[in-house]
Every structure is written in C-alpha cells, then in structure tokens.
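# Topology and contacts: notes
If you want the building blocks of each chain, they are given just below.
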Amino acid sequence: WLKPCQHLAGWRGRRFTVAMGANKVVQKSKEAKMKAAMAGGRSRKKKWSKGKVKEKLANMVMFDKATYDKMMKEIPKAKLITPSVVSERLKVNGSVARQAIRHLEEKGLIAHVGEKHHAQLIYTRKIGGDGE
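Now for a look at the structure at hand. (Residues numbered from 1 in each chain as written. Predicted model: local features only at pLDDT ≥ 70, side-chain atom pairs only at ≥ 80, totals over all residues. Heavy atoms only, no water.)

Here the focus is the overall build of the protein chain. From N to C terminus, the protein chain includes four helices and four strands. Each helix and strand of the protein chain, placed in order from N terminus to C terminus, yields the pattern β-β-α-α-α-α-β-β. A separation threshold of at least 6 residues defines the contact pool for the protein chain, and within that pool the share at least 24 residues apart is 40%. Surface summary for the protein chain: the accessible area is close to 11800 Å², and the carbon and sulfur share equals 57%. (Helix = DSSP H or I, 4+ residues; strand = E, 2+ residues; numbered from the N terminus. Contact = heavy atoms within 4.5 Å. Areas by Shrake-Rupley, 256 points an atom, 1.4 Å probe, with all protein chains shown as cover.)

Next comes the structure, spelled out in structure tokens:
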C-alpha cells in the first residue's frame with residue numbers, strides 16, 4: 001500500500017505515498033489505444049525551419065584598374081596578409097587574392113612569415129625596406 005517517490009517522508013528518510021483505492025484509472029481497450037495512436041500522428045506534422053541563409057558574395061574574378069591600385073597601396077601596409085584578408089578587403093575571388101599575393105611578393109613589397117608552405121600563404125609587410 002506504499003509507493004516510493006512522493007512527498008510523504010517515511011521510513012528511514014525514504015519518501016512514500018499512500019495509495020488510495022478510489023483513484024483507479026480505467027484501462028482502454030487495444031482498439032481504442034490504436035485509434036488514439038493513429039489519430040495523434042495526423043493532428044500536426046513537424047514544420048522544418050528554413051535555416052539560416054548565408055548571403056552570397058559577389059566577388060570580382062579579375063582586377064580592374066581601381067582595385068589593382070588599391071591593392072598596391074593598402075595590402076603591403078597590412079600586418080597580416082593572407083588570401084582571405086585580401087579577398088575580404090578588395091572583394092575579389094580567392095584565386096585572384098592568391099595571385100595578388102604572389103605578385104606583391106615578386107615585387108618585393110611583402111615578406112613570407114615562417115617556413116614557406118604551398119597551401120598556407122601567410123605574409124607580412126616588409127620591415128625597414130622603404131624607410132617607414
């Protein structure tokens with residue numbers, strides 16, 4: 001007549017409830033249970049969210065005169081020069097940014113950081129080259 005886990009502190013600190021005989025729940029038949037289960041699925045289907053839509057970047061695939069001049073002026077002054085930084089600043093494609101970095105290195109405007117690696121193009125400005 002005692003069930004564990006309700007708010008009546010009982011024997012040795014355990015919780016008990018006194019089961020009342022009048023609180024009997026009427027059992028449904030198997031057919032009634034099946035009907036209830038089938039009807040429950042039809043009521044509301046889960047609606048999927050659209051998710052976050054990333055804004056499409058319209059980066060240039062070639063340098064025009066203005067962008068080239070901006071690149072020659074701004075990029076050699078940056079502390080960290082990577083393809084992503086160049087792409088972000090000049091709004092150019094990643095492949096164009098890599099070509100720009102190679103071009104600036106050939107001209108001697110930027111210096112490579114650490115050991116050279118074909119995939120990780122990390123450059124910095126030339127220090128003490130043109131008397132800053």
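On we go.
Let us now look at helix H3 (residues 83-90). Every buried residue belonging to H3 is among Pro83, Val86, Ser87 and Leu90, and all of these are buried. Relative to the axis of H3, the buried residues are bounded by an arc of 100 degrees and lie together on one face. With respect to the buried face of H3, the exposed residues turned more than 90 degrees away are Ser84 and Glu88. Buried residues in H3 make contact with helix H2 (65-74) and helix H4 (94-106). (Buried < 20%, exposed > 50% of the residue type's maximum accessible area, 1.4 Å probe, protein only. Arc of directions from axis to C-beta.)

Inspection of every chain in the model, using the stated rule, returns two salt bridges. Measuring nitrogen to oxygen at the nearest pair gives 3.3 Å for the salt bridge that ties Lys65 to Asp69. Here Lys65 and its partner Asp69 are both found in helix H2, four residues apart, which amounts to about one turn of the helix. Of the residues examined, Lys65 reaches a relative accessible area of 61% and is grouped as exposed. Looking at Asp69, the relative accessible area reads 37%, which means it is partly exposed. A salt bridge links Lys116 to Glu105, with the nearest nitrogen and oxygen atoms 2.7 Å apart. With Lys116 in the loop between strand E3 (110-112) and strand E4 (123-125) and Glu105 in helix H4, this pair connects stretches of sequence that are 11 residues apart. Here Lys116 falls in the exposed class, since its relative accessible area comes to 58%. A relative accessible area of 24% means that Glu105 is categorised as partly exposed. (Salt bridge = Lys/Arg side-chain N within 4 Å of Asp/Glu carboxyl O.)

Core analysis: the largest hydrophobic core is formed by 15 residues, its most contacted members being Ile75, Ile81 and Val86. Counting residues per element, the ones that place at least two in this core are H3 and H4. Residues within four places of Ile75 in sequence aside, it is in contact with Lys70, Ile81, Val86, Leu90 and Leu104. (Core = buried A, V, L, I, M, F, W, Y, C linked by side-chain atoms within 4.5 Å.)

Moving on, we get to the packing of H2 against H4. Taken N-terminus to C-terminus, the directions of H2 and H4 make an angle of 55 degrees; their axes are 11 Å apart at the nearest point. In this view, H2 runs oblique relative to H4, as classed from their interaxial angle. For the pair H2 and H4, the sense of crossing is right-handed. Contacts between H2 and H4 involve Tyr68, Met71 and Met72 on the former and, on the latter, Ala100, His103 and Leu104. Residues belonging to the contact of H2 with H4 are distributed by class as follows: five nonpolar, one polar and no charged. (Axes fitted to C-alpha atoms, helices over the stretch in contact; angles between N-to-C directions. Parallel < 35°, antiparallel > 145°, perpendicular 65-115°, else oblique. Left-handed = near helix turned anticlockwise from the far one by under 90°. Nonpolar A, V, L, I, M, F, W, Y, C, P; charged D, E, K, R; others polar.)

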